[in-house]
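# A structural walkthrough
As a plain string of letters, each chain reads:
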Amino acid sequence: MIYADNAATTKMSDAAIDAMTDCMRNTYGNPSSLYEVGQRAKEVLEDARDEIIKAIGADNFREIIFTSGGSEADNQALRTAAEIGRAAGKMHIISSAFEHHAILHTLNKLEKEGFEVTYLDVHEDGLVRSEEVEAAIRPDTCLVTIMYANNEIGTIQPIREIGAICRAKGVLFHTDAVQAIGHIPVNVKDDNIDMLSASAHKFHGPKGTGFLYVRKGIKISNLIEGGAQERGKRAGTENVPGIRATAVALKDAIAHMEENDKIIRAKRDRLIAGLKEIPHSAINGDENKRLPGNVNFCFEGIEGESLLLLLDDKGIQASSGSACTSGSLDPSHVLLAIGRVHDVAHGSLRLSIDETISDEDVEYIINAVKEVVTYLRSFSPIWRDLVAGKKEFIL
Ligand SMILES: *Cc1c(COP(=O)(O)O)cnc(C)c1O
């Protein structure tokens, strides 16, 4: 089996599993309890927080809130900005059309509550332009939220420039960095970030754990009421084993980032070169300004879902841009945002690899995709029309 869906989730690292099970066995106390095993759990929690602060270039323990993952962190960041905005009479938010649904669905809710949202265009290269962010900022703008790297096409946004613009204009800047953290260098200070969301299961940590960074001085709104955990900003007994494993996984990912980057990038580029040989195919998003492990292609005349099923038969676990899991036939909002037409967007394939994939696996994937695309085209009515000239090729 070849696992090539690391953008959906990653396998936990051995170090993270060991840290987690050790914590479950030995530091099982409630961090709010005053006796010894509780206080040891509290220490584990605060050590993990310190590690994470260091890992992202933050400087104060108050700046990290542990959450149940990226979605919760996104929700809390947007709520925080919205409440600050509402109090100041600023009800305008800037985002982009290809954000994760944790952002887009929260923005839809905020729109129903009276906020106005500008969704910036994403260009054909999968990038938002910082000049366009600047031009969209108004006196009543309370927040800019743009993802660090896109989860489908992997394109890395000009976060530092956008952050600098927001800082200069006095507008809060949030970034969903779930795909970036642990994979490419991220530093909240250098990147001028006010709020950042992260999720452990995207960097070889456990599922159901993540964190939100909020720069010192910003008043955080809480989504979950209850006890005084996380300084009253996120109630509920802390997921101590998960949090410990998160810190270990992140430290590990950062310690090996440079060497892994080289390995993964080389394999990614071989995959891209191999898949480009398929006629009427195209890579989605800029070829270079993308995550080291992301490959995303469209193949004209086929359905991504069928492609995935046949690849699964060949032992390859990948993903398509289309929302097939939700039973919806709508193509990916990300591919539509970069200007792919419906027919083309339907025939997409995302491969997201990590450093454990071998050269043989890469060659196997290339050959398997070539074979399956050819096979699917052999009985595709759309392909027949394209070949017969009844329809024009787009790719
Ligand atoms: C996976 C992902 C999320 C959601 O994170 P969860 O921890 O699964 O809630 C949010 N944003 C992006 C960009 C993601 O890739």
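Keep in mind that this is a model prediction, so the values were computed, not measured.

From N to C terminus, the protein includes 13 helices and twelve strands. Projected onto its principal axes, the C-alpha coordinates of the protein cover approximately 75 × 50 × 35 Å. A burial count over the protein gives 56% of its 395 residues as buried. Here the contacts in the protein between residues at least 6 apart in sequence split such that 72% fall between residues at least 24 apart. When the accessible surface of the protein is summed, it comes to about 16800 Å², and 52% of that surface belongs to carbon and sulfur atoms.

So, on to the site of the ligand. The full set close to the ligand counts 13 residues, and Ser71, Asp176, Gln179, Ser199 and Lys202 are the nearest of them. The backbone of Gly70 places a nitrogen or oxygen atom 2.8 Å from an oxygen atom of the ligand. At a separation of 2.6 Å, an oxygen atom of the ligand approaches a polar side-chain atom of Ser199. Surface burial for the ligand is 87%, taken as the share of its 380 Å² of free accessible area covered by protein chains. In terms of residue count, helix α3 (residues 70–87) provides more of the shell around the ligand than any other element does, three residues in total.

Non-glycine residue Asn192 carries a positive phi angle of around 55°. Mapping Asn192 onto the fold places it in the loop between β6 (172–176) and β7 (195–199). Look at Asn192 and you get buried, because its relative accessible area is 16%. Of note, the phi angle at His204 is positive, near 70°, even though the residue is not glycine. Examined against the element boundaries, His204 turns out to sit in the loop between β7 and β8 (210–214). The class for His204 is buried, based on a relative accessible area of 15%.

Next up on the list: the packing of helix α2 (residues 36–56) against helix α7 (residues 240–255). Two elements in contact, α2 and α7, have axes whose closest approach is 9 Å; the angle formed by their N-to-C orientations is 30°. Classed by the angle they form, the pair α2 and α7 counts as roughly parallel. Along this stretch, α2 crosses α7, giving a crossing that reads as left-handed. Contacts from Ala41, Val44, Leu45, Ala48, Glu51, Ile52 and Ala55 of α2 reach α7 at Val240, Ile243, Arg244, Thr246, Ala247, Leu250, Lys251 and Ile254.

Attention now goes to the pairing of strand β10 (residues 294–299). Buried residues dominate β10, accounting for six of its six residues. The two faces of β10 match: Asn294, Asn296 and Cys298 on one face and Val295, Phe297 and Phe299 on the other face are all buried. The pairing of strand β9 (residues 281–283) with β10 spans three bridges and is classified as antiparallel. Residue pairing in the sheet places Ile283 in a bridge with Phe297 of β10. Two strands pair when backbone bridges link them, and β10 and strand β12 (residues 348–352) are joined in this way by five bridges, in the antiparallel orientation. Bridge assignment links Cys298 to a residue of β12, and that residue is Ser348.

Accessible area lost on assembly of the parts is the figure often given for the size of an interface. Partitioning the protein into domains gives domain 1 (14–255) and domain 2 (257–388). The C-alpha centroid of domain 2 is placed 29 Å from the C-alpha centroid of domain 1. Each partner contributes to the interface: domain 1 provides 29 residues, whereas domain 2 provides 21 residues. Across the domain 1 to domain 2 interface the summed buried area is about 1900 Å²; carbon plus sulfur atoms make up 58%. Linking domain 1 with domain 2 are zero salt bridges, by the criterion used here. Put simply, domain 1 and domain 2 have eleven residue pairs in polar contact (both at pLDDT 80 or more) between them. At the level of secondary structure, the elements contributing two or more residues to the side of domain 1 that touches domain 2 comprise α4 (101–112) and α7. Ranked by residue count, the leading element in the side of domain 1 that touches domain 2 is α7, at three residues.

The rules behind the values
Residues numbered from 1 in each chain as written. Predicted model: local features only at pLDDT ≥ 70, side-chain atom pairs only at ≥ 80, totals over all residues. Heavy atoms only, no water. Helix = DSSP H or I, 4+ residues; strand = E, 2+ residues; numbered from the N terminus. Buried < 20%, exposed > 50% of the residue type's maximum accessible area, 1.4 Å probe, protein only. Contact = heavy atoms within 4.5 Å. Areas by Shrake-Rupley, 256 points an atom, 1.4 Å probe, with all protein chains shown as cover. Near = heavy atom within 4 Å. Polar contact = N/O pair within 3.5 Å; in protein donor to acceptor, adjacent residues only side chain to side chain. Axes fitted to C-alpha atoms, helices over the stretch in contact; angles between N-to-C directions. Parallel < 35°, antiparallel > 145°, perpendicular 65-115°, else oblique. Left-handed = near helix turned anticlockwise from the far one by under 90°. Pairing = 2+ DSSP bridges. Domains from an automatic or database assignment. Buried area = accessible area lost by both parts, 1.4 Å probe. Salt bridge = Lys/Arg side-chain N within 4 Å of Asp/Glu carboxyl O.

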